Amino acid sequence: MSGPERALLYRVAIATGYRPIELRRVTASSVDLQGPPCVRLDAYGTKNGRSAAQPIDSRLAEMLRLHTSGLAPKAPLIRLPHPTKLPEMLRKDMLAAREAWLGDSSDEVELGHRQATDFLAEENEAGERLDFYSLRCTTATWLVQSAVDVKTAQEVLRHSTPELTIGIFARSTAASRTGATDRLVESLGAQRKPQRTPRDKAPATATPCEWATQRPPRKTRVAIRHKSCRDSNLGDGAPLRATPCRERRTRDSNPQPVSRQLISSQPANHSLILRASHPRPGPESLTQNCKTICRPAG
């Protein structure tokens, strides 16, 4: 494959998110430029067995229009090499791109910073090696960094669950983490409370009449009296009625005296209580009872 063909292949793979086996089944007629530009695939050409139509940008659409102008409708859009040679081809191109990127450094300090990163390297800091499926990870990462919602990113990559899109394919970069921290600091600074204009002071831009009509009404408190406790027709010095509400409060505030036996700290003894309430009759009481009983009638 020539250099322009490889560049077109990488661009189509990132823009559509198609897998290598799906890219082999894309033909010249799959490029639809009649309406919104997109690259279509029939159900037999996708992994999940469903037809797909991946939209593309206008610049890529123009590149594909020039590329497909001399191809037959059933001809492959891009002739890919053997599957075992795809990763090696991608690594060579990435290595050449990294060397060109390092050569564009303005000074030694910038060159040192670029060499310390894993940008365009064959292996990243996590020990993951570059292969052709890394282009699908690039698609997911760029979608997330572009503030695309999770559902849209899932549909573009045609994943079964959003966890597969966010948890496995999308990656976090050092630049994105730094930008997120900067935005967080800016949002915290923007949340300061603005100074409010006093209620009784009109702004300088408004006339007194306009301020009187625009000022919100003051909140008033309404005193609520219970009719069950006080007669509304009586004055402030009038006596209170004997209402059930007042009787209940009087009863609760002045409880009735409780028997000493009930509040005693000693355990209850029913025999003592009965004895105290009904004392046993003594000799004098027995004699008096006998006299009363034995007194002759009449």
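Okay, so let's go over this structure. (Residues numbered from 1 in each chain as written. Predicted model: local features only at pLDDT ≥ 70, side-chain atom pairs only at ≥ 80, totals over all residues. Heavy atoms only, no water.)

Let's shift gears to the overall build of the protein chain. From N to C terminus, the protein chain includes 13 helices and three strands. Relative to its 298 residues, the protein chain shows a buried fraction of 23%. When contacts within the protein chain are restricted to residue pairs at least 6 apart in sequence, long-range pairs at least 24 apart make up 51% of them. About 22,900 Å² of surface is accessible on the protein chain, with carbon and sulfur atoms providing 55% of the total. (Helix = DSSP H or I, 4+ residues; strand = E, 2+ residues; numbered from the N terminus. Buried < 20%, exposed > 50% of the residue type's maximum accessible area, 1.4 Å probe, protein only. Contact = heavy atoms within 4.5 Å. Areas by Shrake-Rupley, 256 points an atom, 1.4 Å probe, with all protein chains shown as cover.)

Tallying each qualifying case throughout the model produces ten salt bridges. The residue arginine 171 makes a salt bridge to glutamate 128 at a minimum N-O spacing of 2.5 Å. Within this pair, whereas arginine 171 is found in the loop between helix H8 (162-169) and helix H9 (174-190), its partner glutamate 128 is found in the loop between helix H5 (108-116) and helix H6 (134-145), the two being separated by 43 residues in sequence. Residue arginine 171 is classed as partly exposed on the basis of its relative accessible area, which comes to 37%. Each of Arg19, Glu22 and Arg158 takes part in a single network of salt bridges with overlapping partners. (Salt bridge = Lys/Arg side-chain N within 4 Å of Asp/Glu carboxyl O.)

Here we come to the sheet that holds strand E1 (residues 31-32). Sheet architecture is open: three strands sit in the order E1-E2-E3, paired in antiparallel fashion. Looking at strand neighbours, the two that pair on one side only are E1 and strand E3 (52-55), the edges of this open sheet. (Pairing = 2+ DSSP bridges.)

As a further point, take the nonpolar core. With 26 residues, the main nonpolar core has Leu9, Tyr10, Tyr18, Leu23, Leu64, Phe132 and Leu135 as its most contacted residues. Going through the elements one at a time, helix H1 (3-16), strand E2 (38-41), helix H3 (58-68) and helix H4 (86-103) are the ones with two or more residues in this core. The greatest single-element share of this core, amounting to six residues, is contributed by H1. The residues contacting tyrosine 10, other than those within four sequence positions of it, are Met89, Leu90, Asp93, Phe132 and Leu135. In terms of nonpolar packing, the next biggest core, distinct from the first, is built from five residues, Cys137, Ala140, Leu157 and Phe169 among them. (Core = buried A, V, L, I, M, F, W, Y, C linked by side-chain atoms within 4.5 Å.)

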